[in-house]
Amino acid sequence: MLTVHEVSELAGISVRTLHHYDAIGLLEPHARTEAGYRLYDEQDLARLQQILLFRELEFPLTEIRRIIDSPDFDTGKALEQQLHLLELKREHIEKLISMTKDAMKGSVSAMSFEAFDTGKMDEYAKQAKAAWGNTPEWADYEKKREGRSMQDEAGLGNQLMELFKPFGTMAAQSASPASEDAQAQATAIQAFISEHFYECSNETFAQLGATYGAGGDFTSNINAAAGAGAAEFAAEAIKRYCA
């Protein structure tokens, strides 16, 4: 079995990311040492490979967990898609290498940008994503974001972050996550997600809440926007709300 540092080097992802995957139940290590250090076996590595494929396709972590844990999940299909994506990336890199060599020899046109085109990769990724995006939540999200610009998406993200600010104030005041105000704020966040992104059931909301407080990018971003401890307070408030 491999340690978390060995898996980090092998997969090219950070130890912090692996810790985060463990915290939200996406990739739990097969075993731990007596000192509590994570140990990963071959099945864990195979699951990590699947996770990284769906991250490449830009699925959110909660959807990745739902897809991989589905009884209909086809491992062979996922591996075929991953292989094809890697082959397309290799082809793209080989074109860039060739263009760079030609440029060093002074034999490349200043107007030649063909090697930078990622169209084939983007199109295949879109097709692969569509093949897996058949959950009700994902279909709802695709429908609701139709016609929205990147600025619209960013604006909604900022509005969602604003809803976490009261949690930052509550955390600073040592309020209870079970308080009426905290539970009302959890309700507001769930309603906002359901209105603008996808129907956020209590099960999905509980998974999101765990992600908010698990120490990854979500935690950092929420605390940066809403104040120290806001993410952890939100996670506990949502946990109680969903219970």
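Heads up: the structure comes first, above all this text.
Residues numbered from 1 in each chain as written. Predicted model: local features only at pLDDT ≥ 70, side-chain atom pairs only at ≥ 80, totals over all residues. Heavy atoms only, no water.

Undergrad: Looking at this model, I keep getting lost on the overall build of the protein. Mind explaining?
TA: Helix and strand counts for the protein come out as 13 helices and three strands. Buried positions account for 39% of the 243 residues belonging to the protein. Just so you have it, the protein exposes about 14000 Å², and 52% of that area is on carbon and sulfur atoms. (Helix = DSSP H or I, 4+ residues; strand = E, 2+ residues; numbered from the N terminus. Buried < 20%, exposed > 50% of the residue type's maximum accessible area, 1.4 Å probe, protein only. Areas by Shrake-Rupley, 256 points an atom, 1.4 Å probe, with all protein chains shown as cover.)

Undergrad: How do you make sense of the environment of Asp-122 when you look at a structure like this?
TA: You can see Asp-122 is positioned in helix α6 (residues 119–132). Classification of Asp-122 by relative accessible area gives partly exposed; the value is 47%. Sequence-wise, Asp-122 and Leu-85 are 37 residues apart; in three dimensions their C-alpha atoms are separated by 9.4 Å.

Undergrad: What exactly am I supposed to notice about the sheet that holds strand β2 (residues 31–32) here?
TA: Adjacent strands of a sheet pair through backbone hydrogen bonds, lying either parallel or antiparallel. Reading across from one edge, β1-β3-β2 is the order of the three strands in this open sheet, with antiparallel pairing throughout. Lying at the two open borders of the sheet, with one neighbouring strand each, are β1 (2–3) and β2. Of the pairings in the sheet, the one linking β2 to strand β3 (residues 38–40) comprises two bridges and is antiparallel in character. Looking at β3, one finds that Arg-32 is bridged to Arg-38. (Pairing = 2+ DSSP bridges.)

Undergrad: Would you explain unusual backbone geometry in this entry?
TA: For residues besides glycine, phi is generally negative; the peptide bonds are generally trans as well. Although it is not a glycine, Ser-174 adopts a positive phi angle of roughly 55°. Here Ser-174 shows up in the loop between α9 (165–172) and α10 (180–196). When its relative accessible area of 66% is taken as the criterion, Ser-174 is described as exposed.

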